[in-house]
Amino acid sequence: MGLGVGWTLHGDGRTPAPGAVVRPEERLSWPRTAGLGAQHVVAMFGASFVAPVLMGLDPNLAIMMSGIATVIFLLATRGRVPSYLGCSLSFVGVAAAIRASGGDSAVVTGAVFVVGVALFLAGLAVRRFGARIIHTAMPPIVTGAVVMLIGFNLAPVTASTYWPQDQWTALLTMLFTGFAVVCLRGFWSRIAIFLGLVFGYALSWLSDLLFGQIHSTVGGEAAVDHWRLDLSAVAKADWIGLPSFHGPSFEWSAILIALPVVIALIAENAGHIKAVGEMTGDPLDDELGTAIAADGAASMLSTAVGGPPNTTYSENIGVMAATRVYSTAAYWAAAGFALLFGLCPKFGAVVAAIPGGVLGGITVILYGMIGLLGAQIWINGRVDLRNPLNLVPAAAGIIIGVGGVKLQITDSFELGGIALGTIVVIGGYHALRRFAPAHLKPQGPLLDAGTSAYDDGGEAEDKPR
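For every chain, the first residue of the written sequence is number 1, and numbering continues from 1 onward in sequence order. Local features in this predicted model are restricted to residues whose pLDDT is 70 or higher, and side-chain atom pairs enter the listing and the counts only when it is 80 or higher, whereas totals over whole chains, interfaces and linings include all residues. The basis for the side-chain values is all heavy atoms of the structure; hydrogens and waters are excluded.

The name given to the protein chain in an unreviewed UniProt entry is Nitrate reductase, with the source organism recorded as Streptomyces virginiae. UniProt positions are given in the numbering used here, feature names are shortened, and annotations may be inferred rather than shown by experiment. UniProt, in its Subcellular location (unreviewed entry) section for the protein chain, records the words "Membrane". A UniProt comment under Sequence similarities (unreviewed entry) is attached to the protein chain, and it reads "Belongs to the nucleobase:cation symporter-2 (NCS2) (TC 2.A.40) family."

Dropping the structure here:
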């Protein structure tokens with residue numbers, strides 16, 4: 001397929017025959033392909049909306065760079081791995097920690113740029129030495145614990161910043177989003193976060209109309225009277241224009257906070273490649289290193305201009321599972337739509353105006369789900385928590401990461417939270433394994449299932465980023 005941009009028409013180009021699938025190198029008619037691309041964009045909207053807003057970055061730039069990242073990924077994998085790269089939620093806690101220590105957007109993107117470099121190098125290492133090198137260094141007990149502490153480290157952000165802005169809107173948005181995730185089926189369940197945002201948006205507008213301004217905190221500051229939904233910036237925004245760009249700034253303290261997320265991204269990519277390979281019937285283990293490196297390169301490019309990092313999205317795997325259309329042409333169409341949205345500042349202003357109470361309700365579920373993905377990795381990897389070799393480093397690292405425990409190294413440098421917790425999990429596990437008795441060191445499966453799994457019916461279990 002070369003660069004993976006030459007597709008053969010599937011059947012008559014209209015509807016696949018019963019039981020048939022549209023393979024990555026095939027496509028339907030271009031109008032139908034464009035429609036599928038638009039569906040993929042909507043599927044990733046929820047998380048890609050929320051992530052840049054929570055990180056304090058430009059949502060217009062985030063959407064635009066997600067389209068460019070997807071193009072990079074499709075070219076790098078030569079069209080073998082149908083995937084959309086959207087803004088990664090794994091970095092939300094990192095951004096919050098960096099900003100809490102006085103860092104600005106440039107420091108955030110600088111730290112994440114280094115993570116992209118590390119991810120790119122990890123991908124090259126996997127290409128050279130195989131997946132064994134990753135899973136030897138980071139077995140499921142390690143990856144699960146790190147993903148868990150990254151997610152649960154975010155709990156204070158919801159409790160102190162978003163929820164207090166409008167507790168009743170937060171509560172109702174949480175309940176609606178939970179209902180949408182659990183009770184809706186098919187495509188609608190894939191965009192549950194997006195539906196929750198729409199519900200909260202409408203609820204905030206209606207509350208302003210019926211009850212007037214609310215007296216509450218805004219962003220953790222003092223309580224003031226304010227509208228729940230402030231659309232003044234939307235009216236001033238242009239319809240067409242470039243998003244705001246800025247260069248990265250590098251600080252060691254911020255970089256150390258961000259680096260542990262590499263582990264979560266590697267686990268996500270491994271699970272994604274495994275899931276897509278099972279769905280398409282084309283084993284893709286040989287593409288794991290390329291996919292990881294492409295993800296890293298795309299994140300480097302995005303953060304170099306001020307955007308957020310990117311990662312593979314299982315919401316889009318869900319769309320493929322529902323439609324049985326795995327054509328990479330649809331992802332090229334989705335990337336084109338994302339670029340167009342990125343050139344509309346008014347669209348970005350609408351996203352940036354999401355009320356704090358709505359984010360409070362969404363993040364209660366979202367952050368918890370991110371944390372519990374660590375438990376899913378443990379289950380898929382058959383991790384035995386009765387084994388003290390697994391239990392001790394994971395328990396200590398999670399408490400340090402979630403509780404924000406700090407270790408003062410010098411007067412001007414300290415380790416704490418996510419960074420220290422990750423060091424304790426990885427360093428503690430390998431140090432203890434070296435001295436542990438043989439019966440505590442059973443060999444588990446080399447390749448854990450990452451964060452996606454499929455049953456016989458082909459239904460996807462979604463993972464948030």
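Resuming the write-up.
Novice: Can you walk me through the environment of Val224 in this structure?
Specialist: Among the structural elements, Val224 can be located in strand 5 (residues 224-226). Any residue under 20% of the maximum accessible area for its type is buried, any over 50% is exposed, and the rest in between are partly exposed; the area is computed with a 1.4 Å probe on protein chains only. Val224 gets classed as partly exposed once you look at its relative accessible area, which sits at 37%. When the C-alpha positions of Val224 and Gln165 are compared, they lie 9.9 Å apart, and in sequence the two are 59 residues distant. In this text, helices come from DSSP runs of H or I with a minimum length of four residues, and strands from runs of E with a minimum of two, each type numbered from the N-terminal end.

Novice: Just checking my understanding: could you explain a nonpolar patch on the surface for this structure?
Specialist: Taken together, the side chains of Trp205, Leu206, Leu209, Leu210 and Phe211 define a hydrophobic patch exposed on the protein surface, amounting to about 590 Å² of accessible area. Within the secondary structure layout, Leu206 lies in helix 10 (residues 192-211). Exposure above 30% relative accessible area and the absence of a salt bridge qualify a residue for a patch, where like charges join within 9 Å and nonpolar side chains (Val, Leu, Ile, Met, Phe, Trp, Tyr) within 5 Å. Using the Shrake-Rupley algorithm and a 1.4 Å probe, accessible areas are obtained, with residue cover drawn only from the displayed protein chains. By definition here, a salt bridge exists when the distance from a side-chain nitrogen of Lys or Arg to a carboxyl oxygen of Asp or Glu is within 4 Å.

Novice: Hey, could you run me through the nonpolar core in this one?
Specialist: Across soluble globular proteins, nonpolar side chains show a tendency to be buried alongside one another. If you look at the biggest cluster of nonpolar residues, it comprises 97 residues, and the most contacted ones within it are Val50, Met55, Ile98, Ile266 and Tyr367. Sorting elements by how many residues they give to this core places helix 13 (residues 261-280) first, with 12 residues. Sequence-distant contacts of Met55, defined by excluding residues within four places in its chain, comprise Cys87, Ser88, Phe91, Val92, Ala95, Arg99, Val108, Pro308 and Pro309. Membership of the second largest hydrophobic core comes to five residues, among which are Leu28, Leu36, Val325 and Ala330. The term nonpolar core refers to a set of buried residues drawn from Ala, Val, Leu, Ile, Met, Phe, Trp, Tyr and Cys, joined through side-chain atoms within 4.5 Å. Whether two residues are in contact is decided by their heavy atoms, any of which lying within 4.5 Å being enough.

Novice: I keep staring at the pattern of salt bridges and nothing clicks. Help me out?
Specialist: Within this structure, the stated rule accounts for seven salt bridges. Put simply, Glu25 and Arg23 hold a salt bridge, and the shortest N to O gap is 3.1 Å. Exposure remark for Arg23: the relative accessible area of 27% places this residue in the partly exposed category.

Novice: Quick question: what am I supposed to make of the packing of aromatic side chains here?
Specialist: Given two aromatic rings, their pairing is described by the distance between the two centres and the angle made by the two planes. Between the rings of Phe, Tyr and Trp (Trp by its six-membered ring), a pair exists once the centres lie within 6.5 Å; its type follows the angle of the planes, with under 30 degrees stacked, over 60 edge-to-face, and the other angles tilted. Tallied over the full model, the rule gives four aromatic pairs. A centroid spacing of 5.9 Å and a plane angle of 70 degrees characterise the contact between Phe113 and Phe250, whose relative ring orientation is edge-to-face. Placement of the pair is Phe113 in helix 4 (residues 105-129) and Phe250 in the loop between helix 11 (232-236) and helix 12 (252-258), with a sequence separation of 137 residues. Given a relative accessible area of 46%, Phe250 falls into the partly exposed group. Measuring from centroid to centroid gives 5.0 Å for Phe341 and Phe347, while their planes differ by 40 degrees, and the two rings are tilted. With a relative accessible area of 15%, Phe347 lands in the buried category.

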